[in-house]
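# Structural overview for review
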Amino acid sequence: MRATDTSDPEYFHKVVDCQYACPAHTPVPAYIRLIAQERYTDAYLINWESNVFPGVLGRTCDRPCEPACRRGRVEEEPVAICRLKRVAADFKDDVAAMLPKAGKPNGKKIALIGAGPASLTVARDLAPLGYELHVYDEQPKGGGFMRSQIPSFRLPESVLDEEIGYILDMGVTTVFDTYVDSMAEMLTKGYDAIFVGSGAPRGRDLPKLPGRQEADANIHIGINWLSGVAFEHTKEIGKRVIVLGGGNTAMDCCRTSRRLGGEEVKVIVRSPFDDMKASPWEKEDAMHEGIPILDNHVPLEFVVEDGKLVGMKFDKVEAKYDADGRRQLISTGEAPEFVPCDDVIIAIGQENAFPWIEKETGIRFTSWGTPIINDDETFQSTRKEVFFGGDSAFGPSNIITAVAHGHKAAVSIDLYCQGKDLSKRPPPNVTLVGQKMGIHEWSYDSVPILDERKVVPLEDLTRSLADRMVEVELGFDAETAFIEAERCLNCDAQTVFTDANCIECDACTDICPTSCITFTENAEEPELRQKLMVPAENETQDLYVSGDLPTGRVMVKDEDVCLHCGLCAERCPTAAWDMQMFLYNMAKATPNLLEGAK
Amino acid sequence: MSYYKPKFRHPNLPKNDLGYTVADYDGSISTLCAGCGHDSISAAIRNACFLSSIPPHKIAKLSGIGCSSKMPTYFLGKSHGFNSVHGRMPSVATGASVANRDLIYLGVSGDGDTASIGMGQFVHLIRRNVNMTYIVANNGCYGLTKGQDSATADLGSVNKYGGTNPFDGIDLASLALLQGASFVARSFSGDKEQLEPLIRAAMAHRGFAFIDVVSPCVTFANHSGSTKSYAATREHLDAMPVDFVPMREEIRTSYREGSSQSVTLHDGSIIHLMKAREDYRADDRTEALMAVQSANASGDILTGLLYLDPNSQDLNQTINLATKPLNKLGKDELCPGSRVLNSINEGLR
Ligand SMILES: Cc1cc2nc3c(=O)[nH]c(=O)nc-3n(C[C@H](O)[C@H](O)[C@H](O)COP(=O)(O)OP(=O)(O)OC[C@H]3O[C@@H](n4cnc5c(N)ncnc54)[C@H](O)[C@@H]3O)c2cc1C
Ligand SMILES: Cc1ncc(C[n+]2csc(CCOP(=O)(O)OP(=O)(O)O)c2C)c(N)n1
Ligand code: SF4
Ligand code: SF4
Ligand code: SF4
Ligand SMILES: [Mg+2]
């Protein structure tokens, strides 16, 4: 194998598993250390710079970081990264004065269509540069789906208002209660660029299922129903409710139903339980609230008696997987099962819909109805001054993805408005700093603790079911947060190897608790992976390979289960190993957003 | 601060026949200098015991005084151990091996502990062929007392204080050969590929197995001018690779590619001398002595299995010791009573 080029920041970036998995590349271990030091405000600001909505995300994020967390490979459970983010938000001081202000007007005007996390991120990144920003939304308030879809018992309105406020307060002009019905017209309004962050707003229906028309009064489309609840147009539902679907919309619909009068609420889903789209914790939360999940049930018809919905019929199926893992749902042949109900909520997915973007604008779409986009860095559409991001770009995803798109689109819009080449992207902001304090001392807590993952306490069930505004999760207290924070392995404390210093004494190999380091003859990667002290079977994790050493061997480190304990560097007589703190911040339109503030 | 080794281990650590991982053979975290050759030897011993599937509680570690003699604390934390006075480990080992012949004895010593203060005791271990493995971590100096020249320091080597050694060093391997040791090897702490099989073979050997291991003192004897530094040792190393195949596996793999000579031990395990030195035969004491001497004369460090007599008679056999360990003999066996005494007396009449 070729010697690893650690001057490419992507190498060490990938070692920080959580940060690498985070679409917005939040420097996770850096903020977790600050939490352990009770520096909640600083922890919050690091988050805010990267993911814009720490309070929101600390409660609702899909947390792609957690399955990636190294701790999950070393012991059972990953660090509770998401809930630590909430700790930073809960315990911080007033940060308003520390945030950047609108910049001196630069004469450029940008329209943002939709006030969801994607548009708001673009606004946040561009406002300090002096752009005039106009945010349009058909809803009366900003936030997009964060406000209209995510129920208050998961995300209190006050948290949302605060974090949206930080952005809108940077001199952003809001054009709310306004549905944009013509892109052609928008293009005539003198905007230098337009960002489309309109989400994926059309909920799927089951239009052909027998009884659909007749029972219409008691059949609701999940996302429309949830926004009706959020904006208080809908205040109640029948006692017996069927929620169709297995994703997060279904989970929010069933739990909301329990709070609006639903007593017998069931989630009924076509797929097997394990294949459901909802995250495991969402399913647990629903079941904890007394909501059974019936899997392998394919809807057959809405049963209507005397013009009124009385229940639904389902075909029971079994999932069969072919050699490629493709799933087929095969009927068990049993008689259809009847489930009585008063209301049905259809929560089986959403789609993009752009009825307001005319053909003549030159904005072209794929056959799936998503816009054709230059690439997933620039987010530029086939009309050069129009950019897309968030769910509108590639279909329904999540908040943190919308934020990541927003950062990239903001960079593109800024380059575009300056007449620069969009493909010449600014590099990430990176630092790598030695951490040695003494022979056995590093500037971070290098010894991993053995504690298991802490569970977040919940509000009393009866109380939370009585009022949809009562938040279910209570968050960690400071002491629990400290222990949870200490579980973090500090994967950003990089093991940096200097070939020229190594005298091949083996001290590092001998001490390494998790057998990461091997000195051996070089070979091609597949062979090298097998030759290590413990074969490196996890191919998603890189090998760190040195240049040739004096004995003709190379040092090979399997990054997979390195504890970042620093023992290799402590036992190295020549400082060939050093622990260096790696900070990686993805490129943003405004570099050093918080520099002035800190 | 980390004077502590984290408890987490690689989730896929291989297990040996006993179901143990190599971590089950760990000791406390080392307090020796970072990069000390002795730590590498500790790791080689740990790995060897793991690979040979020796139950840790079947091993007794013995040592004298010195950095090297501190080593037993840093491996096999679940084995027996005795840290004796300076140079006196041989007498403790002799006594222990006679008292409980069921344990596997592993002596760890230094060049000072063995070749200076302990020399008198050391040669008697050889003479008596005590059933044990004796490893000298040889750095040519007294590491623990700040690097004074030891009796194995080479003529002309320069110590940390700038002084040049005016004496010829004692070559412990030659001495062991001369004195009649039944197993003599030399190795280098930085060559685990050779050291591990040698330790496994030594522990399988019945009788006194001696391994002289060049083990750089990274603090006091790793500078230019010191002849036992990492760089100097590597430069002069003439290594004869060995492979060790325990009896259980040998049934399956009787032929080893690249092997030039194989020696079968009393328990059926086999040591393969690999092809690097086709001419070398490990069963001829005189030739071994000559090979070591001529390597020494040309400034080379000849490592590998130098000599082995697989059928030697150890102390316990020589003195006709009971086959059961003494500490397992009951009152009736130790004091068989007047009937047996009478019959002995009768026989003498
Ligand atoms: C029920 C439900 C629960 C969810 N829960 C989570 C969760 O817990 N965690 C998570 O990360 N993600 C969750 N999501 C997904 C997440 O909400 C979205 O992925 C995210 O909000 C997308 O952001 P966006 O900026 O692309 O657009 P959106 O947030 O969808 O915002 C788009 C906005 O544009 C407005 N709009 C659309 N067209 C027009 C127009 N023509 N004129 C004016 N305004 C327009 C819409 O009214 C809307 O307010 C959930 C989604 C649903 C449906
Ligand atoms: C009876 C006695 N005399 C002297 C000493 C001082 N002393 C301690 S260690 C040592 C030499 C150890 O040298 P070596 O065996 O080579 O071990 P190293 O530290 O080099 O590994 C000496 C002389 C002592 N502890 N006890
Ligand atoms: S930091 Fe060094 S010693 Fe610790 S686990 Fe990683 S490679 Fe091993
Ligand atoms: S401890 Fe340092 S000098 Fe020794 S082998 Fe490891 S990197 Fe090389
Ligand atoms: S003084 Fe020398 S022998 Fe002793 S621990 Fe340090 S390096 Fe090893
Ligand atoms: Mg010594």
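This part takes up the site of ligand 2. All names here are of chain B. Within the structure, ligand 2 sits among 17 residues, and S68, D111, G112, D113 and G143 are positioned closest to it. The contact in question runs from an oxygen atom of ligand 2 to an N or O atom on the side chain of S68, over 2.8 Å. In isolation ligand 2 has 590 Å² of accessible area, and contact with the protein removes 72% of it. If you list the elements that add at least two residues to the shell around ligand 2, you get α2 (67-70), α4 (111-115) and β5 (141-142). The leading source of residues in the shell around ligand 2 is α4, at three residues. Its residues assigned to classes, the shell around ligand 2 shows six nonpolar, nine polar and two charged.

Residue and element names in this part refer to chain B. Those donors, D111 (OD), N139 (OD1) and C141 (O), are the protein atoms that reach the magnesium ion (ligand 6), and they lie 2.0 to 2.2 Å from it. Along the chain, the residues donating to the magnesium ion (ligand 6) are arranged with the sequence spacing D-x27-N-x1-C. Considered together, N139 and C141 belong to a single accessibility category, that of buried residues.

Right, let's get into the domain arrangement of chain A. Quite often, the size of an interface is put as the accessible area lost when its parts meet. All names here are of chain A. By the assigned domains, chain A splits into domain 1 (9-97 + 430-489), domain 2 (100-201 + 352-417), domain 3 (203-349) and domain 4 (493-585). Using C-alpha coordinates to define each centre, domain 1 is positioned 34 Å away from domain 3. Opposite the ten residues of domain 1 that make contact, domain 3 presents twelve residues. Here domain 1 packs against domain 3, burying approximately 1,000 Å² in sum over the two surfaces, 53% of which is carbon and sulfur.

Let's shift gears to the packing of aromatic side chains. If you walk through the whole model with that rule in mind, you get 21 aromatic pairs over all chains. Consider the rings of Y25 of chain B and F50 of chain B, whose centres lie 6.1 Å apart with planes at 75°: the pair is edge-to-face. With a gap of 25 residues between them, Y25 of chain B in the segment before α1 (37-51) and F50 of chain B in helix α1 connect regions that are remote in the sequence. Neither residue differs from the other here; Y25 of chain B and F50 of chain B are each classed as buried. Aromatic pair F188 of chain B and Y230 of chain B: ring centres 6.4 Å apart, planes at 65°, arrangement edge-to-face. Placement of the pair is F188 of chain B in strand β7 (residues 183-188) and Y230 of chain B in helix α8 (residues 230-236), with a sequence separation of 42 residues. Residue F188 of chain B is classed as buried on the basis of its relative accessible area, which comes to 1%. Three or more aromatic residues joined by ring pairs make a cluster, and in this case those are Y11, F12, F497, Y544, W577, F582 and Y584 of chain A. Over the ring of W281 of chain A we find R63 of chain A; its NZ or CZ atom is 3.6 Å from the centre of that ring. We note R124 of chain A situated over the ring of W48 of chain A; from NZ or CZ to the ring centre the distance is 4.5 Å.

This part takes up empty space enclosed by the protein. Scanning the model with the defined rule gives eleven cavities of 30 Å³ or more in all. Lining the largest cavity are 16 residues; nearest its centre among them are D510 and I511 of chain A together with K5, S30 and Y74 of chain B. Taken together, the elements giving at least two residues each to the lining of the largest cavity come down to α20 (507-511) of chain A together with α1 of chain B. With four residues, the top contributor of residues to the lining of the largest cavity is α1 of chain B. Tallied by class, the residues present in the lining of the largest cavity amount to five nonpolar, five polar and six charged.

A separate point is the interface of chain A and chain B. Counting residues at the interface gives 33 residues for chain A, matched by 29 residues for chain B. For the chain A face of the interface with chain B, the top three residues by lost area are H440, D510 and R571 of chain A, together amounting to 22%. Between the two partners, chain A and chain B, sit three salt bridges. For K192 of chain B, the salt bridge is made with D506 of chain A, and the minimal N-O distance between the two is 2.8 Å.

What counts and how
- Residues numbered from 1 in each chain as written.
- Chains lettered and ligands numbered in written order.
- Predicted model: local features only at pLDDT ≥ 70, side-chain atom pairs only at ≥ 80, totals over all residues.
- Heavy atoms only, no water.
- Near = heavy atom within 4 Å.
- Polar contact = N/O pair within 3.5 Å; in protein donor to acceptor, adjacent residues only side chain to side chain.
- Areas by Shrake-Rupley, 256 points an atom, 1.4 Å probe, with all protein chains shown as cover.
- Helix = DSSP H or I, 4+ residues; strand = E, 2+ residues; numbered from the N terminus.
- Nonpolar A, V, L, I, M, F, W, Y, C, P; charged D, E, K, R; others polar.
- Donors = N, O, S within 2.8 Å, 3.2 Å for Na, K, Ca; no water.
- Buried < 20%, exposed > 50% of the residue type's maximum accessible area, 1.4 Å probe, protein only.
- Domains from an automatic or database assignment.
- Contact = heavy atoms within 4.5 Å.
- Buried area = accessible area lost by both parts, 1.4 Å probe.
- Phe/Tyr/Trp six-rings, centres within 6.5 Å; stacked < 30°, edge-to-face > 60°.
- Lys NZ or Arg CZ within 6 Å of the ring centre and 35° of its normal.
- 1 Å grid on protein atoms, 1.4 Å probe; cavity = no way out; pocket = protein on both sides within 12 Å on 5 of 7 lines; lining within 4 Å.
- Points joined across faces, edges and corners; volume = space filled by probe spheres on them.
- Salt bridge = Lys/Arg side-chain N within 4 Å of Asp/Glu carboxyl O.

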